[in-house]
Amino acid sequence: MGESVGTLLELDVTGIAHGGISVARHEGRVVFVSDAVPGERVVARVTEDRKKSFWRADTVQVLTPSEHRVDHVWAEAGLDRDPAVRPGGAEFGHIALAHQRTLKHDVLVDAFSRFAHLDLAAVLGGDVVVESAPGDDAANGLGWRTRVRLHVDQDGTAGPFAARSHDVVPVTSLPLATAAVQESAPLGRASMPGASVVDVLAPSGSDGARLVIDAQAPTVVTEVVGTRTFQVDDNGFWQVHHRAAEVLTGAVQDLVDRERLDAEGTHLDLYGGVGLLAAALGDVVGPKARVTSVESAPRATEHAQENLAEWIGARAETGRVDRWLARTASTASTAEKQRFRAGTVVLDPPRAGAGREVVVQIAALQPAQVVYVACDPVALARDVATFADLGYRLEALRAFDLFPHTHHLEAVARLVPVA
């Protein structure tokens, strides 16, 4: 920490940065400001200046508010509370929902411009729109989280962490959570003595919510997507928004180019989890689909094998994606390589993206098309740039606001071989 920490600055907020933080300048230095809206003039307290190139600051007063500023949807995260005790997880909650999507659009377009050197509107033949999930507009982006993680302090108080810290903040509400999660969350002082982490989740295949405390043994729950059911561990990965699995299933099916889809090809679902997107792909290919889901978590792979049982040609394999691809490429026969070239690859990597090594390995299989599901626009743009170096161009892109009142968004891209 430096001498400027604690200093109050008057700042003109000029833009939004990746990560949901606003941008201002003070005497030529970049200042990243929380709880502001581009276009505002605010008073902000400096919280960090360890890096000479920029400072971080928290808004404590708004001098000239944006027309897009609203009362925070989570009262306990509002400006009237000290920044140290504002809960994290709703960093866009003070911005009108429609404008949140405008800001997310701007971040997505900027990421592709800077990291993939692409003008999205020119490539796509029109501007990309950040689409809402069904029901979110009517609910003002509230009540969508089916999973909430609470942390427990030494006194047994369960709550979220404060923004950008590991301090537990006592709260009485969780407005982004579904009603079932809100009703079951053990909020308040001394509510969970002896625990350290509590996950509250409301699977779509059952009534009410359940608590998963610390590292207890997993219980299998059921998630419903359309007419299909998926088995998943209660402590395993599943999409958080109550309509996200449905939205992403539809998006993947929409982005798969039917003219490039060969029913005889070998199709891959990388980072496949419990098989959600493998099933989406299998439904498009048909009952004889040859789809392999690759996932590093053994329990998820076991569930994927069950969830994909209706396709005789479906397999779920446990392994790190890079190692699995390396092994597969080195042992594939000529006929298998031909089937990979006829196949479609779907991937949904973690936030950091697939990375160069995996992109190189995918491109080496020469698939007919790649459908990439991403939760981080910068990681996606970097990987799209790598694909471009290897002969695959971005052909289609859709974006979805599956995390209202946060800075996160999902994007689904189709990449195809350069003709």
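Preceding this section is the structure that the text describes.
Calculation notes
- Residues numbered from 1 in each chain as written.
- Predicted model: local features only at pLDDT ≥ 70, side-chain atom pairs only at ≥ 80, totals over all residues.
- Heavy atoms only, no water.
- Helix = DSSP H or I, 4+ residues; strand = E, 2+ residues; numbered from the N terminus.
- Rg over C-alpha atoms; globule rule 2.2 N^0.38 Å.
- Lys, Arg positive; Asp, Glu negative; His and termini not counted.
- Charge placed at Lys NZ, Arg CZ, Asp CG, Glu CD.
- Pairing = 2+ DSSP bridges.
- Axes fitted to C-alpha atoms, helices over the stretch in contact; angles between N-to-C directions.
- Expected span 1.5 Å × (residues − 1).
- Buried < 20%, exposed > 50% of the residue type's maximum accessible area, 1.4 Å probe, protein only.
- Contact = heavy atoms within 4.5 Å.
- Salt bridge = Lys/Arg side-chain N within 4 Å of Asp/Glu carboxyl O.
- Right-handed = clockwise from strand over helix to strand, strands pointing away.
- Parallel < 35°, antiparallel > 145°, perpendicular 65-115°, else oblique.
- Left-handed = near helix turned anticlockwise from the far one by under 90°.
- Nonpolar A, V, L, I, M, F, W, Y, C, P; charged D, E, K, R; others polar.

**Considering the overall build of the protein**
Item 1. Within the protein one finds 10 helices and 19 strands.
Item 2. Since a compact globule built from 419 residues should have a radius of gyration of about 22 Å, the 23 Å found for the protein is in line with a globular shape.
Item 3. Its C-alpha atoms give the protein principal-axis dimensions of about 65 × 50 × 40 Å.
Item 4. Computing the positive centroid from 40 side-chain charges and the negative centroid from 55, the protein places the two 5 Å apart.

**Some remarks on the sheet that holds strand S1 (residues 8–16)**
Item 1. With mixed pairing, five strands are arranged side by side around a closed barrel as S1-S2-S3-S5-S4. Across this sheet, the average inter-strand angle for adjacent strands is 50°, counted without regard to direction.
Item 2. In the sheet, S1 pairs with strand S2 (residues 22–26) via three bridges, with the strands oriented antiparallel. Note that in S2 the partner of valine 13 across the bridge is alanine 24.

**Remarks on helix H4 (residues 244–255)**
Item 1. With 12 residues, H4 should reach 16 Å at 1.5 Å per residue; the first-to-last C-alpha distance of 16 Å fits that figure.
Item 2. Every buried residue belonging to H4 is among Ala244, Ala245, Val247, Leu248, Thr249, Ala251, Val252 and Leu255, and all of these are buried.
Item 3. Those residues of H4 that are buried are in contact with strand S11 (220–225), helix H5 (276–285), strand S16 (344–347), strand S17 (369–374), strand S18 (392–401) and strand S19 (410–417).

**Here we look at the pattern of salt bridges**
Item 1. Evaluation of the coordinates by the stated rule reveals 25 salt bridges.
Item 2. When the shortest N-O distance is used, the salt bridge between arginine 398 and glutamate 131 registers 2.7 Å. Taken together, the residues arginine 398 in strand S18 and glutamate 131 in strand S6 (residues 130–132) connect sequence positions 267 residues apart.
Item 3. When salt bridges that share partners are traced, they join Asp257, Arg260, Arg393, Glu395 and Arg414 into one network.

**Comments concerning the sheet that holds S18**
Strands in a sheet are paired, the pairing made by backbone hydrogen bonds, and the direction either parallel or antiparallel.
Item 1. On the basis of which strands lie adjacent, the open sheet formed by eight strands has the order S6-S18-S19-S17-S16-S13-S14-S15 and mixed pairing. The sheet is open, and its two borders are formed by S6 and strand S15 (315–318), each paired with just one other strand. Recorded for the sheet is a direction-independent mean angle of 20° between the axes of neighbouring strands.
Item 2. Two strands pair when backbone bridges link them, and S16 and S17 are joined in this way by four bridges, in the parallel orientation. The partner of valine 345 across the bridge, within S17, is valine 370.

**Some remarks on the pairing of strand S13 (residues 266–270)**
Item 1. Along S13, five of the five residues are buried, which leaves the element largely enclosed by surrounding structure.
Item 2. Neither face of S13 is exposed, since Thr266, Leu268 and Leu270 on one face and His267 and Asp269 on the opposite face are all buried.
Item 3. As paired strands, S13 and strand S14 (residues 290–295) are joined by five bridges and run parallel to one another. Across the sheet, the residue bridging to histidine 267 is valine 291, located in S14.
Item 4. Handedness of the β-α-β unit built from S13, H5 and S14 comes out right-handed.
Item 5. Direction of pairing for S13 relative to S16: parallel, over a ladder of three bridges. Bridge pairing in S16 links leucine 268 to valine 345.

**Focus on the packing of H4 against H5**
Item 1. Two elements in contact, H4 and H5, have axes separated by 9 Å at closest approach and are oriented at 45°. With respect to their mutual orientation, H4 and H5 come out oblique. The hand of the H4/H5 crossing is right-handed. Residues Ala245, Leu248, Thr249, Val252 and Gln253 of H4 lie in contact with H5, whose contacting residues are Leu276, Leu277, Ala280, Asp283 and Val284.
Item 2. Of the residues in the contact of H4 with H5, the class split is seven nonpolar, two polar and one charged.

**Examining the pairing of strand S9 (residues 197–201)**
Item 1. Of all five residues in S9, four are buried, a share of seventy percent or more.
Item 2. Looking at chain direction, strand S7 (residues 147–152) and S9 are connected through five bridges and run antiparallel. Along S9, the bridge assignment pairs arginine 149 with aspartate 199.
Item 3. Across four bridges, the pairing between S9 and strand S10 (residues 210–213) is antiparallel.

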